[in-house]
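Understanding the architecture of this molecule
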Amino acid sequence: MSGNSKHIHRSAWRCPSNIALVKYWGKRDFQKPMNPSLSFVLQNAFTETSVELHKNGDQKVAFYFDGKPGTFGERIEKYLEHVSGKLPWISKYNFAIHSQNSFPHSAGIASSASSFGALALCLTELDFAMSEKDAGTPDFWKEASELARMGSGSACRSVYPGFALWGQTQLFESGSDEFAISLTAGIHPVFEGLRDAILMVDSGTKSVSSSTGHRLMDNHFFQRSRIAQAYENVNELYLALLTGDLSKFIEVTETEALSLHAMMMTSSPSFILLKPNSLELINRIRRFREKAQIPVCFTIDAGPNIHLLYFQENELDVKAFIERELIQFCENGKWMEDRIGGGPERLMSVSGSEIRNTGKIDLNSQPATRKP
Ligand code: PMV
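Note that this is a predicted model, so its numbers are computed, not measured. (Residues numbered from 1 in each chain as written. Predicted model: local features only at pLDDT ≥ 70, side-chain atom pairs only at ≥ 80, totals over all residues. Heavy atoms only, no water.)

Splitting the protein chain by domain gives domain 1 (7-188 + 343-357) and domain 2 (190-339). Taken together, the 35 residues of domain 1 in the interface contact 46 residues of domain 2. Where domain 1 abuts domain 2, roughly 3500 Å² becomes buried across the two surfaces, and 70% of that area is made up of carbon and sulfur atoms. Interface area lost by domain 1 to domain 2 is led by Lys23, Trp25 and His188, which between them contribute 25%. If you look at where domain 1 meets domain 2, you find 1 salt bridge. For the salt bridge of Lys23 with Asp301, the shortest nitrogen-to-oxygen distance reads 3.7 Å. Put simply, domain 1 and domain 2 have 14 residue pairs in polar contact (both at pLDDT 80 or more) between them. Those elements that provide at least two residues to the side of domain 1 that touches domain 2 are strand S1 (10-22), strand S4 (37-54) and strand S8 (163-166). At 8 residues, S4 tops the list of elements feeding residues into the side of domain 1 that touches domain 2. For the side of domain 1 that touches domain 2, the per-class residue count stands at 22 nonpolar, 11 polar and 2 charged. (Domains from an automatic or database assignment. Contact = heavy atoms within 4.5 Å. Buried area = accessible area lost by both parts, 1.4 Å probe. Salt bridge = Lys/Arg side-chain N within 4 Å of Asp/Glu carboxyl O. Polar contact = N/O pair within 3.5 Å; in protein donor to acceptor, adjacent residues only side chain to side chain. Helix = DSSP H or I, 4+ residues; strand = E, 2+ residues; numbered from the N terminus. Nonpolar A, V, L, I, M, F, W, Y, C, P; charged D, E, K, R; others polar.)

What follows is about the packing of aromatic side chains. Taken as a whole, this structure holds 15 aromatic pairs when the rule is applied. Note on Phe40 and Phe163: the rings are 6.0 Å apart at their centroids and 65 degrees apart in plane angle, and the pair reads as edge-to-face. You can see Phe40 sitting in strand S4 and its partner Phe163 sitting in strand S8, a full 123 residues away along the chain. With respect to burial, Phe40 and Phe163 carry one shared label: buried. Each member of the aromatic cluster is reached from another via a ring pair, and the members are Phe40, Phe163, Phe191, Phe249 and Phe311. Across from the ring centre of Phe46, 4.1 Å away, lies the NZ or CZ of Arg14, which sits over that ring. Across from the ring centre of Phe128, 4.4 Å away, lies the NZ or CZ of Lys133, which sits over that ring. (Phe/Tyr/Trp six-rings, centres within 6.5 Å; stacked < 30°, edge-to-face > 60°. Buried < 20%, exposed > 50% of the residue type's maximum accessible area, 1.4 Å probe, protein only. Lys NZ or Arg CZ within 6 Å of the ring centre and 35° of its normal.)

Turning our eyes to something else, we now look at the site of the ligand. As a structural note, the neighbourhood of the ligand is formed by Ala20, Lys23, Tyr24, Trp25, Ser152, Gly153, Ser154, Arg157, Ser210, His214, Leu260 and Asp301. One nitrogen or oxygen atom from the main chain of Tyr24 is found 2.9 Å from an oxygen atom belonging to the ligand. For the ligand, whose free accessible area comes to 380 Å², the fraction covered by protein is 92%. Looking at the shell around the ligand residue by residue, the classes come out as 4 nonpolar, 5 polar and 3 charged. Per-domain counts for the shell around the ligand show at least three residues from each of domain 1 (7-188 + 343-357) and domain 2 (190-339). (Near = heavy atom within 4 Å. Areas by Shrake-Rupley, 256 points an atom, 1.4 Å probe, with all protein chains shown as cover.)

Moving on, we get to the sheet that holds strand S11 (residues 297-299). Spatially, the 4 strands line up as an open sheet ordered S11-S12-S10-S13, and their pairing is antiparallel. The sheet is open, and its two edges are formed by S11 and strand S13 (335-339), each paired on a single side. Taken pair by pair, the neighbouring strands of this sheet meet at an average axis angle of 30 degrees, ignoring direction. Where S11 and strand S12 (residues 306-311) come together, 3 bridges link them in antiparallel fashion. Across the sheet, the residue bridging to Thr299 is His307, located in S12. Running at roughly 35 degrees to S11, helix H6 (residues 246-265) makes contact with strand S10 (194-199), S11 and S12 of the sheet. This element, helix H8 (residues 315-326), spans S10, S12 and S13 of the sheet and lies at about 150 degrees to S12. (Pairing = 2+ DSSP bridges. Axes fitted to C-alpha atoms, helices over the stretch in contact; angles between N-to-C directions.)

Right, let's get into helix H1 (residues 73-83). Residues lying three or four places apart along an α-helix face the same way, a consequence of the helix completing one turn every 3.6 residues. When H1 is considered as a whole, its buried residues turn out to be Gly73, Ile76, Tyr79, Leu80 and Val83. Down the axis of H1, the smallest arc covering the buried residues is 125 degrees, so these residues share one side. The exposed set on the far side of H1, more than 90 degrees from its buried face, consists of Glu74, Lys78 and Glu81. On the buried face of H1, the contacting elements are strand S5 (61-65), strand S7 (94-101), helix H2 (111-130) and helix H3 (138-151). (Arc of directions from axis to C-beta.)

So, on to the pattern of salt bridges. Pairing is possible between side chains that carry opposite charge, provided their charged atoms lie close to one another. For the structure on display, the rule yields 22 salt bridges. The closest approach of N and O atoms between Arg28 and Asp29, which form a salt bridge, is 3.0 Å. Look at Arg28 and you get partly exposed, because its relative accessible area is 33%. Of the residues examined, Asp29 reaches a relative accessible area of 60% and is grouped as exposed. With a closest N to O distance of 2.8 Å, Arg226 and Glu256 form a salt bridge.

Encoded structure:
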């Protein structure tokens, strides 16, 4: 960035949500994962956030959601206090933060991933400007990912286009528990056409928060085997992504979704988040795959909604299948179309009407170094 960029006191970003294929479930230390996870970002589900710094007024954080004073101010204030250990300039300013989501809260999409992703990107841009660091380097994305992780673990995977890996593994020297890395290099082109139809089973509030959920792994009887399984699944899935092995992709993705729920069902206390209609959808997706010989599968977050994954070339058949067989099991027939996305975008403004990409930061500077 140019020399006078240190005078920037405003930043705005759009950041997508992501859906994990290998699930992060269980924490250690501060927001570090018990196991590695692998996800992809969505295209249509995102948060737009602007951060403005000022020195007047006595309110540390004024937070607006959809243009109105929002309820997350306190959580953000705590978060800023925490990250001020890394970004000391935070203590010198008051913050006006505007945020809006492209999807309804009830959609069962992880809004914490896109929200903390967007906020972390704004803070990173401000930090790079203040310290006159070059924002067009991989360090920019590493810092954004790490700051996002400190807000919500899975958010660290939202700052990259396409697939991302979070956690130290045998696969990448650059892999870390502190930030995610991009997995765009070498991925088989079939995955550019990855689609996600989010089938809404129940829009009610979750009966278990993710922080409660993660804690369930602390003394879980299956903890060691779950961690071992996730390591193995990350390896297998990554290989499938490189080779375009759709059977493996399907096998790992479904095993992971069901393992996440198996962990919840067998923890103490135990939670069953799947609903009868979730199971009906799972069975019908599997039956369709067998009968039609079309590569479809499902993944599930910590809730009852089902993400039906499929590929662009089968779009017509899959949409007809959704209309014919699946929407009857969705709440009010609701489902949302999404796809693998291109990652975050820098914006001019969020609170005003003008929202556009300024394109000043090199969005292609997120390489992942593969181990030889
Ligand atoms: O980032 P958190 O603390 O909301 O945890 C997310 C956990 C899952 O969504 C269930 C899995 C994942 O890897 O995203």
